[in-house]
Amino acid sequence: MSGDAERGVARGIVPLRAAVRIGVVAVVLLAVVSTFLDTASRATINPFNFFGFFTMQSNIMAAVILLLAAVLQLRAAPGPEWLVPVRAATATYMFVVGAVYNLLLAGLAGGVELAWANWVLHVAFPIYAVLDWLCTTDRRPLSYRVIRLILVYPLVWAVVVLIRGATDGWVPYPFLDPATGYASVLLYVVAIALTFTAFGALVILVSRSLPPLGSLLDGRAGRAAGKA
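Residues numbered from 1 in each chain as written. Predicted model: local features only at pLDDT ≥ 70, side-chain atom pairs only at ≥ 80, totals over all residues. Heavy atoms only, no water.

### What about the confidence of the model for the protein?
Okay, so step 1: Looking at the protein as a whole, its pLDDT mean stands at 86, while 86% of the residues score no less than 70.
Okay, so step 2: Throughout residues 1–10 the model reports pLDDT below 50, and contacts reaching past four residues in sequence, or to other chains, amount to eight contacts.
Okay, so step 3: Here residues 221–226 is a poorly scored stretch, pLDDT under 50, and it has eight contacts once near neighbours within four places are set aside; other chains count. (pLDDT = per-residue confidence, 0-100. Contact = heavy atoms within 4.5 Å.)

Next comes the structure, spelled out in structure tokens:
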């Protein structure tokens, strides 16, 4: 009877977690769309510029991967081999977005004008993404070689930004403007790579050394249900 109760608890928890993920994705996408419409209402908007910011790209990417994970949860289907490494990458990106914004950029002029959307994209979703990685049971221990995958997107993004800065003059952040000198920009690119390497290593360390907190909670809930 105890085993049946534990399995019943597990079957009830999985859809709930998937629903939470889907709800979070819906709020994030609403924040992105609302920010786009708000910006377009005040000025002519260039989609390449709007979606050129790392915050926008990483939020959308993380939301899409989170939605895929939720759908697989609901279907009780095994995910493809690449999904967990990509989830580690998007968790790293959101970790960096939250840390950099809240430590260095919060309160400065510019950025997302809608206060609630700004909070979702720079505070709430980064926190949730980290908690999702810490808690959910659909991850596995990863090799530190995954850091190479984690670095691909930020470095490609930086190269595209530099090309745009040198050609059409648009850059999302002043420190990546080629007009400030390529030596200065190179230092920032190296700093970006080191930052993502450090945060990515931390995300991978969690996967290797810390069991999903959700599995511990599942065990307690199952034991409680078995005793009831």
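### A word on empty space enclosed by the protein
The probe, sized like a water molecule, is rolled over the atoms to show the empty space still left.
Okay, so step 1: One pass over the structure, following the stated rule, counts one cavity of 30 Å³ or more.
Okay, so step 2: If you add up the space inside the largest cavity, you get close to 110 Å³.
Okay, so step 3: Lining the largest cavity are Ala62, Ile65, Leu66, Arg87, Thr90, Ala91, Met94, Phe125, Tyr128, Ala129, Asp132 and Trp133.
Okay, so step 4: Of all the secondary structure elements, the ones that give two or more residues to the lining of the largest cavity are helix H3 (54–75), helix H4 (83–105) and helix H5 (115–135).
Okay, so step 5: At five residues, the largest contribution of residues to the lining of the largest cavity is made by H5.
Okay, so step 6: The residue makeup of the lining of the largest cavity, split by class, is nine nonpolar, one polar and two charged. (1 Å grid on protein atoms, 1.4 Å probe; cavity = no way out; pocket = protein on both sides within 12 Å on 5 of 7 lines; lining within 4 Å. Points joined across faces, edges and corners; volume = space filled by probe spheres on them. Helix = DSSP H or I, 4+ residues; strand = E, 2+ residues; numbered from the N terminus. Nonpolar A, V, L, I, M, F, W, Y, C, P; charged D, E, K, R; others polar.)

### Remarks on the environment of valine 96
Okay, so step 1: With respect to the helices, strands and loops of the structure, valine 96 is situated in helix H4.
Okay, so step 2: Exposure remark for valine 96: the relative accessible area of 6% places this residue in the buried category.
Okay, so step 3: In sequence terms valine 96 and alanine 198 are 102 residues apart; their C-alpha atoms lie 9.8 Å from each other.
Okay, so step 4: When residues no more than four places from it in sequence are discounted, the contact partners of valine 96 are Tyr101, Thr195, Phe196 and Phe199. (Buried < 20%, exposed > 50% of the residue type's maximum accessible area, 1.4 Å probe, protein only.)

### Observations concerning the environment of phenylalanine 199
Okay, so step 1: Its location among the elements puts phenylalanine 199 in helix H7 (residues 182–209).
Okay, so step 2: Spatially, the C-alpha atom of phenylalanine 199 lies 8.4 Å from that of tyrosine 93, the residues being 106 residues apart in sequence.

### Thoughts on the packing of aromatic side chains
Okay, so step 1: Scanning all chains against the criterion turns up 15 aromatic pairs.
Okay, so step 2: A ring pair is formed by phenylalanine 36 and phenylalanine 50, whose centres lie 5.1 Å apart and whose planes are at 90 degrees; its orientation type is edge-to-face. With phenylalanine 36 in helix H1 (residues 2–42) and phenylalanine 50 in helix H2 (residues 47–50), this residue pair connects regions lying 14 residues apart in the sequence.
Okay, so step 3: Note on tyrosine 93 and phenylalanine 196: the rings are 5.8 Å apart at their centroids and 70 degrees apart in plane angle, and the pair reads as edge-to-face. You can see tyrosine 93 sitting in helix H4 and its partner phenylalanine 196 sitting in helix H7, a full 103 residues away along the chain. Per residue, the accessibility class of tyrosine 93 equals that of phenylalanine 196, and both read buried.
Okay, so step 4: Chaining the aromatic ring pairs together yields one cluster made of Phe53, Phe54, Tyr93, Tyr153, Trp157, Trp170, Tyr173, Phe175, Tyr188 and Phe196.
Okay, so step 5: Over the ring of tryptophan 133 we find arginine 139, and its NZ or CZ is 5.7 Å from the ring centre. (Phe/Tyr/Trp six-rings, centres within 6.5 Å; stacked < 30°, edge-to-face > 60°. Lys NZ or Arg CZ within 6 Å of the ring centre and 35° of its normal.)

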